[in-house]
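Structural overview for review
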Amino acid sequence: MFNQNRILRVFKLITLLKTFPAKSIKRLASTLEISERSCYRYMDLLDELGFEVSKDENNKFSLKADQIVDPFTKEESHLIQEVLTISVKNNPLVKSIKAKLPSLEETNILANNIVNGHLSKLVSQINEAILNKTQIIIHKYQSANTESITDRLVEPVGFTDNYGFLCAYEIESNQNKYFKVERMGSVELLDVKCKFESLHKLYKPDVFGFNDSGEKFNIKLRLSMRAQLWIKDDYPETSTYLKDLGNGSWLLEVEVFNMEPVNRILRSMPNDIEAV
């Protein structure tokens, strides 16, 4: 039986692998706070669970976007069991599949509760710092831009509407930045009052989490079903701007402040995304 720490690591690993760019074993192990040997064991576990982990020419690992699907609900699990029993009851694989459905359902519920509980704790801690106007340290923040994991000393300003991002004044860079909550390892509350309140500004980031840099770009991307599922999963704010074209493709039309994530997406899925 999985303990909670192991389940949390499995789902953290899945999140890391499905988030662009691909990552080395050293980085994965560092983020999960385990040895590289243990990290390989977790990769083997994903393989046993049916996930296909890809390794590129630089020995970096990733998970294909179409590997991540919503878990079966309790009702869906029961329906699948009924269909298997009625339609292919003599197939030797039926017993194995039916046995896995309840355990998958329970594991998904438990894992989601653990991950959501972790994020809720982070939000609660940060809200306390915002209320008390104190500084915090964001430990082990995973930056998608620099591919680094660092601690950030910040003065929290506020959250976006869906609590996906924290706007905070970063003292080292003297800038207001957005930090994705799910990329935070932990938060340390400091008994130090905010010193730069006059510089705090709460901007609304674009759908990719970038601040207003003074430039704006209108983008139009035609996406396959696979691509729109991947983008919606990694960047939930894009959902509002996705339009179903009715022919198995979707259109993403939105204004952004930075073209870097757009170009990165185009490079990562050239056969599934087209700039219009």
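Notes on the structure in this doc start here.

1. Here's the deal with the nonpolar core
Counting residues in hydrophobic clusters, the biggest one holds 19 residues, and the most contacted among them are Phe-208, Ile-219, Leu-223 and Ile-273. Elements with a minimum of two residues in this core: strand S8 (217-224), helix H6 (225-234), strand S10 (249-256) and helix H7 (260-268). Looking at which element gives the most residues to this core, the answer is S10, with four residues. Contact partners of Ile-219, with chain neighbours within four places excluded, come to Phe-208, Leu-252, Glu-253, Val-254, Val-256, Met-259 and Val-262. Ranked by size, the runner-up nonpolar core spans 18 residues in total, among them Val-10, Leu-16, Leu-17 and Leu-45.

2. Quick look at the pairing of strand S6 (residues 175-180)
The side chains of a regular strand alternate between the sheet's two faces. Taken together, the six bridges between strand S5 (residues 165-170) and S6 define a ladder with antiparallel strand orientation. Residue pairing across strands places Leu-166 opposite Phe-179, the latter belonging to S6. Hairpin connection from S5 to S6: four residues lie between these consecutive antiparallel strands, with Asn-174 at a positive phi of about 60 degrees.

3. Quick word on the sheet that holds strand S11 (residues 273-275)
Overall, antiparallel pairing links the four strands, which are arranged S9-S10-S8-S11 in an open sheet. Unpaired on one side and paired on the other, strand S9 (242-244) and S11 mark the two borders of the sheet. Geometrically, the sheet is characterised by an average inter-axis angle of 25 degrees between neighbouring strands, direction not taken into account. Where S8 and S11 come together, three bridges link them in antiparallel fashion. Among the inter-strand pairings, Leu-221 is bridged to a residue of S11, identified as Ala-275. Packing against the sheet, H6 makes contact with S8, S9, S10 and S11, and its axis sits at approximately 125 degrees to S8.

Rules used in this analysis
- Residues numbered from 1 in each chain as written.
- Predicted model: local features only at pLDDT ≥ 70, side-chain atom pairs only at ≥ 80, totals over all residues.
- Heavy atoms only, no water.
- Core = buried A, V, L, I, M, F, W, Y, C linked by side-chain atoms within 4.5 Å.
- Buried < 20%, exposed > 50% of the residue type's maximum accessible area, 1.4 Å probe, protein only.
- Helix = DSSP H or I, 4+ residues; strand = E, 2+ residues; numbered from the N terminus.
- Contact = heavy atoms within 4.5 Å.
- Pairing = 2+ DSSP bridges.
- Axes fitted to C-alpha atoms, helices over the stretch in contact; angles between N-to-C directions.

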